[in-house]
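Survey of secondary and tertiary structure
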Amino acid sequence: MKHHALPLLVAALSTGLASAALADDLPTVYGKVNLSLQAVDTEVDRPAPLANQVIDDNWQMRSNASRLGVKGSYGISDSLKAVYKLEYEISADEGDFSGGDELKARNMYAGLQGSFGTVIAGRHDSPLKLVQGDVDRFNDLLLGDIREVLVGEERIKNIVMYSTPSMAGFGFHLAIAPGEESGNNARDDGLADSVSAAVTYQQDIFYVALAVDENVAGNDVIRAVGEITLDALKLGAIYQTADINRRGQSLGLSGELRGFYSSYLAIAGIDLTDQDGYLLSAEWTSGDIVLKAQWMQATTDWEISGVASDQMDSTQLALGADYRLNKQATLFAYWASVEHDTNAGTVFDGSTIGAGFELKF
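Here the structure is a predicted model, which is why all the values come from computation and not from measurement.

Examining the overall build of the chain
Within the chain, the regular secondary structure consists of 3 helices and 17 strands. In the chain, which comprises 361 residues, the share counted as buried stands at 45%. For the chain, the share of sequence-separated contacts (at least 6 apart) that also reach a separation of at least 24 residues comes to 57%. Roughly 17600 Å² of accessible area belongs to the chain as shown, and the carbon and sulfur atoms make up 56% of that amount.

This is the structure:
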């Protein structure tokens, strides 16, 4: 969608709401705007064959997964209802998505819900991505999101996903997706070329989850998540191990850095092969103030031309504070740092400090 698409979308949603005014179940237009102004200091050192250095040291206004969507449900029978969601990420500061677009598809699906659970089809976060919950305290923020280090943060297209209702605190989620390849050399041409599954348990102060991805974005991942709430204090942890099977895949660097670093891996003939990592996070609430901290570490193996070559040690540290004006408006400030080191030295070193706001509607 080009720059004129956003007002057209809003107008269409408004018209749809007006048309639905006579229905029993109205769709809900919702969204949020999350903007931050921050200083960004990054340095990327690319060893041979691209031996050079790129330094980025500037101020940036960033839109952090701002979004606009419409969602709802309506009854089909006494025991069955339809559910749907159409959600777009909005570039609230400028058209900085592919081709200068203002909108990018997020979760978009339709399905059926009943006593058996929920079945949806479309495009959706994988169950493995979903189980992180709020343990990632700096979700969607530059150099603070866990995608800056860990693989597995995937939104799956062509998805069919089933979720059980809560059963004494337990929940189960299973997603499959065909690869839709064709031709004599097609490998992903089956019904369930990608599979993601998760088991969760939520009871009182405890939350635990175990999730598995098989051939999701080329990766096989196992992720374990836990969180405990002790009055005003929340403590969370993630452990993950992964087989990485896609040449030139970056570790999740944001924006222009993602393409820059992954292109180096591809040109140099480097395949990331295995990754083990963990995250520890904490959140303390006092009135309207929330203090947050997060530490992450991972080791990623790589090979060149099929021969084991090196390891990359990655670390992330993030500190921040939120001030809740009300349930829908929050001010925040944070600092985050990410570093990727190899035997040859530091290949990526980045930090940022910034402040912003999030307004939900």
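From this point, things continue past the structure.
Describing the layout of surface pockets
The space that makes up the second largest pocket amounts to roughly 250 Å³. Looking at the second largest pocket, the residues that line it are His-124, Pro-127, Leu-130, Val-131, Gly-133, Met-161, Ser-163, His-173, Thr-200 and Tyr-207. For the lining of the second largest pocket, the secondary structure elements donating two or more residues are helix H2 (127-130) and strand E7 (155-163).

Some remarks on unusual backbone geometry
Within the chain, Ala-168 stands out as a residue other than glycine whose phi angle is a positive 55 degrees. Counting through the fold element by element, Ala-168 comes out in the loop between E7 and strand E8 (170-177). Judged by relative accessible area, which is 64%, Ala-168 ranks as exposed. Positive phi, normally seen in glycine, also occurs at Asp-231, with a value near 55 degrees. Judged by relative accessible area, Asp-231 falls into the exposed class, the value being 79%.

Considerations on the side chain of Asp-193
By the element assignment, Asp-193 lies in the loop between E8 and strand E9 (194-203). When its relative accessible area of 15% is taken as the criterion, Asp-193 is described as buried. Side-chain polar atoms of Asp-193 contact the backbone nitrogen of Gly-190, separated by 2.8 Å. Beyond its immediate sequence surroundings of up to four residues, Asp-193 is in contact with Ala-177, Pro-178, Gly-179, Glu-180, Arg-187, Asp-188, Glu-214 and Asn-215.

Let's talk about the packing of aromatic side chains
Here the distance between the centres and the angle between the planes together describe a pair of aromatic rings. Counted under the stated rule, the structure contains 2 aromatic pairs. Seen in terms of ring centroids, Phe-138 and Tyr-334 are 6.1 Å apart; in terms of plane orientation they differ by 40 degrees. Their pairing is tilted. Taken together, the residues span a long stretch of sequence, with Phe-138 in the loop between H2 and E7 and Tyr-334 in strand E16 (residues 329-342) at a distance of 196 residues. Summarising the burial analysis for this pair, Phe-138 and Tyr-334 share the class buried. The lysine or arginine in question, Lys-71, covers the ring of Tyr-30, its NZ or CZ lying 4.7 Å from the ring centre. The ring of Phe-138 has Lys-292 sitting right over it, with the charged end atom 4.9 Å from the ring centre.

Considering the pairing of strand E3 (residues 67-77)
For E3 and strand E4 (residues 80-90), the ladder comprises 10 bridges, and the chain directions are antiparallel. Within E4, the residue paired with Ser-73 across the bridge is Val-83. Following E3, the chain reverses through 2 residues before pairing antiparallel with E4.

Focus on a nonpolar patch on the surface
Together, Tyr-239, Tyr-278, Leu-280, Trp-295, Leu-317, Leu-319, Trp-335 and Ile-353 line one region of the surface with nonpolar side chains, adding up to about 730 Å² of accessible area. The set of elements that each furnish at least two residues to the nonpolar patch consists of strand E13 (270-286) and strand E15 (307-324). Locating Ile-353 in the fold gives a position in strand E17 (residues 345-360).

Side note on the environment of Tyr-74
Within the fold, Tyr-74 resides in strand E3. Residue classification places Tyr-74 among the partly exposed residues on the basis of a relative accessible area of 43%. A sequence separation of 10 residues divides Tyr-74 from Tyr-84, and the C-alpha atoms of the two residues are 9.3 Å apart.

Considering the pairing of strand E6 (residues 117-125)
The pairing of strand E5 (residues 103-114) with E6 spans 7 bridges and is classified as antiparallel. Considered in E6, the bridge of Gly-111 is made with Ile-120. Connecting the antiparallel pair E5 and E6 is a turn made up of 2 residues. Pairing geometry for E6 and E7, over 7 bridges, is antiparallel. Bridged to Val-119 within E7 is Tyr-162.

Topic: the environment of Leu-150
Following the sequence through the fold, Leu-150 ends up in the loop between H2 and E7. When the C-alpha positions of Leu-150 and Gln-275 are compared, they lie 8.0 Å apart, and in sequence the two are 125 residues distant.

Section: the pattern of salt bridges
Under the defined criterion, the tally for this structure stands at 12 salt bridges. Taking the shortest distance from any N to any O, the salt bridge between Glu-87 and Arg-106 comes out at 2.6 Å. Remark: Arg-106 occurs in strand E5 and Glu-87 occurs in strand E4; sequence separation between them is 19 residues. Per residue, the accessibility class of Glu-87 equals that of Arg-106, and both read buried. Residues joined in a network through salt bridges with shared partners are Lys-32, Glu-358 and Lys-360.

About the thresholds
Residues numbered from 1 in each chain as written. Predicted model: local features only at pLDDT ≥ 70, side-chain atom pairs only at ≥ 80, totals over all residues. Heavy atoms only, no water. Helix = DSSP H or I, 4+ residues; strand = E, 2+ residues; numbered from the N terminus. Buried < 20%, exposed > 50% of the residue type's maximum accessible area, 1.4 Å probe, protein only. Contact = heavy atoms within 4.5 Å. Areas by Shrake-Rupley, 256 points an atom, 1.4 Å probe, with all protein chains shown as cover. 1 Å grid on protein atoms, 1.4 Å probe; cavity = no way out; pocket = protein on both sides within 12 Å on 5 of 7 lines; lining within 4 Å. Points joined across faces, edges and corners; volume = space filled by probe spheres on them. Polar contact = N/O pair within 3.5 Å; in protein donor to acceptor, adjacent residues only side chain to side chain. Phe/Tyr/Trp six-rings, centres within 6.5 Å; stacked < 30°, edge-to-face > 60°. Lys NZ or Arg CZ within 6 Å of the ring centre and 35° of its normal. Pairing = 2+ DSSP bridges. Patch = residues over 30% accessible without salt bridge, like charges linked within 9 Å, V, L, I, M, F, W, Y side chains within 5 Å. Salt bridge = Lys/Arg side-chain N within 4 Å of Asp/Glu carboxyl O.

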